[in-house]
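Each chain, letter by letter, is given below.
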Amino acid sequence: QKGKNYDYEVTAQEGITEFFEGISTETYGYNGDLLGPTLKIEEGESVNVKITNDLNEPTTFHWHGLEVASKIDGGPSDEIQPGESRIITLEADQPAATLWYHPHVHEMTAEQVFRGLSGMLIIDNSINSDLEIPNEYGVNDIPLIFQDRLFDEDKQLDYDNLMNVDGTLGDVSMVNGTINPKMTVTEPIMRFRLLNGSNARNYTFRLSNGDNFTQIASDGSLLDEPVDRKELTLAASERAEILIDFSKLTEEESLSIINEEGVVLLPFDVKDTDSTAGSIKTWTTDEPFLTDEEKEMPVTKNIELFGMMDMVSINGKKFDADRIDLRQEQGVTEVWEIYNKPDMMGGMVHPFHIHGTQFKVISRDGEEVEESEQGFKDSVAVEPGERVKLLVTFPEKGVYVFHCHILEHEDNGMMGQIEVY
Ligand code: C2O
Ligand code: CU
Ligand code: CU
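Residues numbered from 1 in each chain as written. Chains lettered and ligands numbered in written order. Predicted model: local features only at pLDDT ≥ 70, side-chain atom pairs only at ≥ 80, totals over all residues.

### A short note on the overall build of the protein
Basically, it comes down to this: Going along the chain from the N terminus, every DSSP run of H or I of four or more residues is numbered as a helix, and every run of E of two or more is numbered as a strand. The reference for a compact globule is 2.2 Å times residues^0.38; the radius of gyration itself is calculated from the C-alpha atoms. Partly exposed residues are those whose C-beta has more than 12 but fewer than 20 other C-beta atoms within 10 Å; with 20 or more the residue is buried, with 12 or fewer it is exposed, and the C-beta atoms are placed from the backbone. Contact between two residues is assigned when their C-beta atoms, built from the backbone, lie within 7 Å.
Assigned secondary structure in the protein consists of 3 helices and 31 strands. Whereas a compact globule of 421 residues would reach a radius of gyration of roughly 22 Å, the protein reaches 21 Å, a difference of no more than 12%. Counting only C-alpha atoms, the protein reaches 60 × 60 × 55 Å along its principal axes. The buried share of the protein, reckoned over its 421 residues, is 44%. Here the analysis covers contacts within the protein between residues at least 6 apart in sequence; of these, 77% occur between residues at least 24 apart.

### A closer look at the domain arrangement of the protein
Heads up, the rule is: Domain delimitation in this document rests on an assignment produced automatically or drawn from a domain database. When residues are sorted by character, Ala, Val, Leu, Ile, Met, Phe, Trp, Tyr, Cys and Pro go into the nonpolar class, Asp, Glu, Lys and Arg into the charged class, and all the rest, Gly among them, into the polar class.
If you check the domain split of the protein, you get domain 1 (8-124), domain 2 (141-270) and domain 3 (292-420). With 22 residues of domain 1 at the interface, the matching set in domain 2 holds 22 residues. Listing elements by their share of the side of domain 1 that touches domain 2, those giving two or more residues are β1 (8-20), β2 (23-30), β7 (97-102) and α1 (109-114). Of the residues in the side of domain 1 that touches domain 2, the class split is 12 nonpolar, 7 polar and 3 charged.

### Brief notes about the confidence of the model for the protein
Heads up, the condition is: pLDDT expresses, on a scale from 0 to 100, how confident the predictor is about each individual residue.
Confidence in the prediction for the protein averages 94 pLDDT; 98% of positions are at 70 or higher. For this predicted complex, the interface score ipTM comes out at 0.99, while the overall pTM is 0.96.

### Thoughts on the nonpolar core
Soluble globular proteins: nonpolar side chains tend toward being buried together. Heads up, the condition is: By definition, a nonpolar core groups buried Ala, Val, Leu, Ile, Met, Phe, Trp, Tyr and Cys residues that are joined through C-beta atoms within 7 Å.
Formed by 95 residues in total, the largest nonpolar core has its most connected members in Leu121, Leu144, Leu194, Ile242, Ile338 and Leu390. Looking at this core, the element that brings in the most residues is strand β13 (residues 189-196), giving 5 residues.

### So, unusual backbone geometry
The backbone of Leu35 shows a phi angle near 55 degrees, a positive value even though the residue is not glycine. Tracing the backbone through its elements, the reader meets Leu35 in the loop between β2 and β3 (39-42). Here Met309, not a glycine, exhibits a phi torsion of approximately 50 degrees, which is positive. Within the element layout of this structure, Met309 appears in the loop between β21 (299-306) and β22 (313-314).

### Quick look at the sheet that holds β22
The condition that has to hold: Here, strands pair whenever DSSP counts at least two bridges between them.
Spatial strand order, β22-β21-β24-β29-β26-β27: 6 strands in an open sheet with mixed pairing. With partners counted over all chains shown, the strands left at the sheet margins are β22 and β27 (367-368), one partner each.

### Concerning the environment of Leu390
With respect to the element layout, Leu390 can be found in strand β29 (residues 387-392). Taking the C-beta count within 10 Å as the criterion, Leu390 has 22 such neighbours and is therefore assigned buried. Sequence-distant contacts of Leu390, defined by excluding residues within four places in its chain, comprise Val335, Trp336, Ile338, Phe359, Lys360, Val361, Ile362 and Val380.

### Section: the sheet that holds β13
Spatially, β11-β10-β9-β13-β18-β15-β16 is the arrangement adopted by the 7 strands of the open sheet, whose pairing is mixed. The open sheet has two free edges, formed respectively by β11 (178-179) and β16 (222-229), since each of these has just one partner strand. In the sheet, strand β10 (residues 172-175) pairs with β11 via 2 bridges, with the strands oriented antiparallel. Paired with Val175 across the two strands is Thr178, which belongs to β11.

### Here's the deal with the pairing of strand β25 (residues 350-354)
Counting buried positions over the 5 residues of β25 gives 5, a clear majority of the element. Here β25 shows no split at all, with His350, Phe352 and Ile354 on one side and Pro351 and His353 on the other all buried. Note: β25 against strand β28 (residues 379-382), 4 bridges, orientation antiparallel. The partner of His350 across the bridge, within β28, is Val382. Across 3 bridges, the pairing between β25 and strand β30 (residues 398-404) is antiparallel. Following the sheet pairing, Phe352 is matched in β30 by Cys404.

### A closer look at the UniProt feature "domain: Plastocyanin-like" (unreviewed entry) in the protein
What counts is decided by this rule: UniProt positions are given in the numbering used here, feature names are shortened, and annotations may be inferred rather than shown by experiment.
Within this structure's numbering, the places UniProt gives as "domain: Plastocyanin-like" (unreviewed entry) are residues 20-125 and 297-420. Secondary structure content for residues 297-420 is 4% helix and 45% strand, while the C-alpha to C-alpha distance between its ends is 20 Å.

### Quick notes on the environment of Leu121
You can see Leu121 is positioned in strand β8 (residues 119-124). Remark: the alpha-carbon pair of Leu121 and Thr98, spanning 23 residues in sequence, is separated by 6.3 Å. For Leu121, the residues in contact, after removing those within four places along its chain, are Leu39, Trp63, Leu66, Leu99, Trp100 and Tyr101.

### Quick look at the pairing of strand β9 (residues 141-149)
As paired strands, β9 and β13 are joined by 6 bridges and run parallel to one another. In the sheet register, Leu144 faces β13, and the bridge partner there is Leu194.

### Let's talk about the environment of Pro298
Following the sequence through the fold, Pro298 ends up in the loop between α2 (292-296) and β21. Sequence-wise, Pro298 and Asp78 are 220 residues apart; in three dimensions their C-alpha atoms are separated by 34 Å.

This is the structure we're talking about:
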């Protein structure tokens, strides 16, 4: 026997997590009690993954941001029943990026993610890269999954879709599944892969000392060039990679990642970093992020996001698994205009996500986007009243969903389907 014919095994299962000392909380996890292992695929390579559902309900395995054939994309039509296993091949035929995976069963996505099902999926190209970006996983290259959670008085996860129709907002914040996390830093320049893995909450990240940090990547690729930022907002499902320079901190100074209200999300404990070793290398690409031709392409797909609570819709409709809403030819680039139509109450931000593609953001209300959005993306936050133009190409054929990534909105039907032919 040659051994197993897969590189990774990912099993959705029930678990018990001690979020609070001495108290067991029922959770879901991949291969464990909570969250899942970070999977890594070398850029241009593929891995075989054995997926298994050990839950007592159907689930799916969705590879958020990965441009894969729709039959293994893990969308709502791709249910894995309790006890079922499959081996699939995930190919990373796209730039290095921080992606993630999570379930996508229709009307159960929000609850399954809330209970703990998410993990990171990294496309890596550090062996071929001369960009000198920190790439020692767990040492100076750290995944950070930010989530908020709600607990009942027995300290059990308190999921109630009917109470939280606009998305579950928790009062407890966690990083990588830990309440009150702390991170020990031993290297002068650290790379953090930030994922907003919450059901609905937007996070604005800042440093506690008011210093800048450097954003190097968006959802689906490195940026055209690194940009210095004072703060960075990620809507649900968005990612960013940042570098923080710890080399200039004095012994007494402390540093944390905080949110816009000054609440500490992640404090750092800095241990003998070599202050002479650090510096952030920059780069620029010769080609513009968008060509003039791309900027001037006419809009051929209109998407209207509307509503709140369970009255959400896309182009006036709710999700129907038997209906194809849009069609686009494989490999042909089109411009989608996403309009977030305000309602009498004003409306709310909807993070719009498309499966099976990494797109470019062309403009927001006609204005060219900032450097921090000049990288590939798969989710884009659209403000009430805003019109965002996207340049969208699907490399594979099949039927994919697009939806609001407030998971309760998605479950409430704020989702459509596109056939790529
Ligand atoms: Cu993060 Cu439809 O997915
Ligand atoms: Cu997705
Ligand atoms: Cu929404």
